[in-house]
Each structure stands twice: as C-alpha cells, then as structure tokens.
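Listed below, chain by chain, are the residues.
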Amino acid sequence: SLKYICFSNHNLLMFFMLQNYLPELSAIVFGFFVILQLLYYWLIFARFSFHKPTKIKDIQQKPVSIVVSAKNEAHNLIKSLPVLLTQQYNEFEVVLVNDNSNDETEQVIRDFMSTYPHLKLVNLTSSVTNIQGKKFPLSIGIKSASYDTILLTDADCVPSSSYWLQNMAKHFVGKTEIVLGYSTFEKKKGFLNMMIHYDTLHSAIHYFSYALAKIPYMGVGRNLAYSKSLFYHQRGFASHNHIKYGDDDIFVNRAANDRNCDIEYFKGAFTVSRPKSGFKSWFLQKKHHTSTRRFYKPKHKFLLNFYGSLMLLFYILFAVAIIYTRYDYVLLSVVIALFVFKSAMQYVIFGMAAAKLDEKRIVPYILIFDILFSVLNPFIFLTSNLFQKK
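None of these values were measured; they are calculated from a predicted model. (Residues numbered from 1 in each chain as written. Predicted model: local features only at pLDDT ≥ 70, side-chain atom pairs only at ≥ 80, totals over all residues. Heavy atoms only, no water.)

Draft legend 1. Inspection of the environment of alanine 321 at higher detail. Along the chain, the position of alanine 321 falls in helix α10 (residues 298-324). Between the C-alpha atoms of alanine 321 and alanine 169, which are 152 residues apart in sequence, the distance is 51 Å. If sequence neighbours within four positions are ignored, alanine 321 has contacts with Ser26, Phe30 and Val335. (Helix = DSSP H or I, 4+ residues; strand = E, 2+ residues; numbered from the N terminus. Contact = heavy atoms within 4.5 Å.)

Here it is, written out as structure tokens:
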C-alpha cells in the first residue's frame, strides 16, 4: 500500500510538472510541424514553383495518335472535335472509341470523318468484357492507333490552343516515355468552382513537383501522353483492370521512373473541361479517384499521406498552442509568428505555381482553402477506402 501511494504521488507530481511546461511543449511541437511542412514546400513543391522550362533542341515532330474514349458524348464532341482535329502539327490522327453509346455519338463522329480523313472511329457496339470504366475502350483505342506516340484526353476536354499537341509531343526525345500535362476546368462564379480550381492546382503542384524531384507518381488522363511501346511493356492495364478507375494515375505510378517522365505546363498546352455543378457530384467524383491512391507504390503513399496528416495536424496544433500559450505573451508571439511565416511561405510557393497554371484568382484564398481541404481530404480518403473495401 505504501509503495502504491508513493507511486501515485510520483505520477501526480509528474503530471503537475508537465502542466507547468505545457505552454513551452505546445509551442515546440507546433514549431516542429511547421518545419516539416516547410521541408515539403522548399524541397519538393518549390521545384515546380521556381522551374524554368528548358529549351528542347532539334525538335522532331514524331507522328502522334490522339486517343479519346467517348460514351454518350455527342454534345461534348461537337465542341471538342473541331479543336482536336485542327491542331498545328505535321502528322497526327484522332482515334475515337465509341464505347457502346446510345445517343448520337457515332453519327457526330461520322459527320466529322467526312471532312477530316485523319479521324478514325473504333466502334464498340456490345459489352464484351467485365472490365469497368475506360480501361477497355482505351486499350482498344491504343491498339488501333497507327503511331507509337499516344496522347490521351477526354471527350469533354477542349485543348486551350491549336498548339496543344505540338507542345505535348515535343518532349518525346531521349529516354522520355511519359509526358504529364495540365488539365483545368472552365472558370465560373461560385464557391464550388473556386474549390475545384484550388483542388486542381494543389494536385498539379504535387504531381509536377514530384516528377521534377525524380519520383513521379501520377498523371491526369485528361492531358497525358506516353509511348505505345511503354503501354505494351507494362501489359497495358492488365495489373489493375479489376479497379474501375486508375487508367491514368495507377498506370503512371507503375510505369514512370526517374528517367522516363517529363512535364508540360505551357498555357497553350492545357486542356479545359466542364466542372461539376453540384457539391455532391464533385465529392463523389473526388472520392472515386482518391480510392486509387491505396494502389500506389509504398513510398508515394507514405509521402502523400504524411503530407495530408501534416496539413490537418498543423491547424490542430496551432489551436492547441494558442490555448496553452495565451497567458505567455512571448510564447504566444512565437506561435503566431510561426503560423504567419509558414502561411507566407505557402503563399509564395503556391502563388508562383498558380501564376504558371493561370490560376491567379485562387491566390488570395489559399489560406481558406488550405484549412478547408486539410479537413476535407482526410475525410474523403477515409470514406473512399471504406467505399472501395465494400
């Protein structure tokens, strides 16, 4: 009993001593997490923010096959095909896979074929596979392509200029087998549209920066190019055909390495598509695409999940530090100064990236969206994994 009383008193004493040092401890822990986030900003994200494109000498215009999968996309093809078919390029074709459409998609394609001989139709008129999503029609389209260089986009995506193809294809020199492009959305009024643009910007900063750091981990299928020979070498989508999504990011995650990947972010090389008009539809789309992350390589999962955790913990620890240092004005000033410094660095890094990607209107709201997505992204990640397991 005496030993128990002594042990309890010792623990109680330690508790009260710890209570006395909580302001200092909370400030130190918060400062440590600030340093970790700054390491991400300056060691990874700054690679894209401060990147200057290198001029490619002796550009050879290799023939290119633009491959598009369309399912009930008649209204979108009327808008996108004129731009796809009139690219300023010497030799290219557009391979359009009509994936069992029951609208006027085939008729629209055939109408364009009468004017543009370099438009090729691949008609899928019956469901001959259990593979869900775009992987089967894209595989058929790539196999039907005449050329080794494949450029992918979606039926609802419109290239931002007639030099899109030229800028994406120029990177296929030396060992480059994959080119990551930027795909954005139409700018509209409203908070949801701003959210979508910030999320797109944030994602692009990640995959462009990681590619420049020689650890590429994903690409966006709305603007992505790779060689047909690489596609065959990877056995297409065979290793992940059972997953509905991931025709772009999982493929790049498994096929890209520190030597064969390049990026293109010239404004004239963007593709632009129509954003979701409702929060629920956007949330479901993001949840589905987030569900593919668990199939990434372990090092990529660790880096992405660790950064996502840092985002959330930064604001939680800031609130905790404010609470415990509120009576110590010196420590409180230090905590606030750390918060301001970290936010300022984020504005610099993200602001420069936003200027590169024509997303300047997002810059004043970076802090607001960073707080929002620090909560929203972990929630989407958890629910998407639960959805996938079910």
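Moving on from the model shown.
Draft legend 2. Layout of the nonpolar core. In this structure, Phe45, Leu180, Phe208 and Tyr226 are the most contacted members of the largest nonpolar core, which totals 84 residues. Apart from residues lying up to four places away in sequence, tyrosine 226 is in contact with Ile142, Asp148, Thr149, Ile150, Leu152, Phe172, Glu177, Ile178, Phe231, Phe237 and Phe251. If you look at the next biggest cluster of nonpolar residues, it comprises 28 residues, including Tyr89, Phe92, Phe112 and Leu151. (Core = buried A, V, L, I, M, F, W, Y, C linked by side-chain atoms within 4.5 Å. Buried < 20%, exposed > 50% of the residue type's maximum accessible area, 1.4 Å probe, protein only.)

Draft legend 3. Expanded view of the pattern of salt bridges. Scanning all chains against the criterion turns up eleven salt bridges. As a salt-bridge pair, glutamate 93 and lysine 120 come within 3.5 Å of each other at their nearest N and O atoms. Linking glutamate 93 in strand β2 (residues 92-99) with lysine 120 in strand β3 (residues 119-124), this pair joins segments that are 27 residues apart in sequence. For the salt bridge of aspartate 370 with lysine 342, the shortest nitrogen-to-oxygen distance reads 3.4 Å. Here aspartate 370, found in helix α12 (residues 366-389), pairs with lysine 342, found in helix α11 (residues 329-356); they are 28 residues apart in sequence, far enough to count as distant. With respect to class, aspartate 370 is no different from lysine 342; both count as buried. A network of salt bridges, in which partner residues are shared, links Lys79, Glu186 and Lys188. (Salt bridge = Lys/Arg side-chain N within 4 Å of Asp/Glu carboxyl O.)

Draft legend 4. The sheet that holds strand β7 (residues 183-185), seen in detail. Strand order in this open sheet of three strands is β5-β10-β7, and the pairing throughout is mixed. Strands at the two margins of the open sheet, each flanked by one partner only, are β5 (158-159) and β7. Looking at chain direction, β5 and strand β10 (residues 271-273) are connected through two bridges and run antiparallel. Within β10, the position partnered with valine 158 by the bridge is valine 272. (Pairing = 2+ DSSP bridges.)

Draft legend 5. Layout of helix α2 (residues 74-85). Along its twelve residues, α2 runs 16 Å from first to last C-alpha, staying within 8% of the 16 Å computed at 1.5 Å per residue. Within the span of α2, buried status applies to Ala74, Asn76, Leu77, Ser80, Leu81, Leu84 and Leu85. All buried residues of α2 fall inside an arc of 120° around its axis, so they share one side. Exposed residues lying more than 90 degrees from the buried face of α2 are His75 and Ile78. (Expected span 1.5 Å × (residues − 1). Arc of directions from axis to C-beta.)

Draft legend 6. Quick peek at the packing of α2 against helix α3 (residues 105-113). The N-to-C vectors of α2 and α3 enclose an angle of 25°; their axes lie 9 Å apart at closest approach. The angle between the axes of α2 and α3 places the two elements in the roughly parallel class. Relative to α3, the crossing made by α2 is right-handed. Residues Ala74, Leu77, Ile78, Leu81, Pro82 and Leu85 of α2 lie in contact with α3, whose contacting residues are Thr105, Val108, Ile109 and Phe112. Taken together, the residues that form the contact of α2 with α3 break down as nine nonpolar, one polar and no charged. (Axes fitted to C-alpha atoms, helices over the stretch in contact; angles between N-to-C directions. Parallel < 35°, antiparallel > 145°, perpendicular 65-115°, else oblique. Left-handed = near helix turned anticlockwise from the far one by under 90°. Nonpolar A, V, L, I, M, F, W, Y, C, P; charged D, E, K, R; others polar.)

Draft legend 7. Broad picture of the pairing of strand β8 (residues 224-227). Residue alternation in β8 divides its side chains into two sets, Leu224 and Tyr226 and Ala225 and Ser227, and both sets are buried. Pairing between strand β6 (residues 178-180) and β8: three bridges, direction antiparallel. What sits directly across from leucine 180, in β8, is leucine 224.

Draft legend 8. Looking closely at the environment of aspartate 111. Locating aspartate 111 in the fold gives a position in helix α3. Since its relative accessible area comes to 43%, aspartate 111 is described here as partly exposed. In terms of polar contacts, aspartate 111 uses its side chain to reach the side chain of glutamine 107, at 2.9 Å. (Polar contact = N/O pair within 3.5 Å; in protein donor to acceptor, adjacent residues only side chain to side chain.)

Draft legend 9. Quick look at unusual backbone geometry. For asparagine 72, which is not a glycine, the phi torsion comes out positive at approximately 55°. Residue position: asparagine 72 is located in the loop between β1 (64-70) and α2. Unlike most non-glycine residues, aspartate 358 shows phi in positive territory, near 60°. Tracing the backbone shows aspartate 358 in the loop between α11 and α12.

Draft legend 10. Spatial organisation of the pairing of β3. Of the strand pairs in this sheet, β2 and β3 are connected by six bridges, and their pairing is parallel. Counted as the bridge partner of valine 95 is lysine 120 from β3. In this fold, β2 hands off to α3, which returns the chain to β3; that crossover is right-handed. (Right-handed = clockwise from strand over helix to strand, strands pointing away.)

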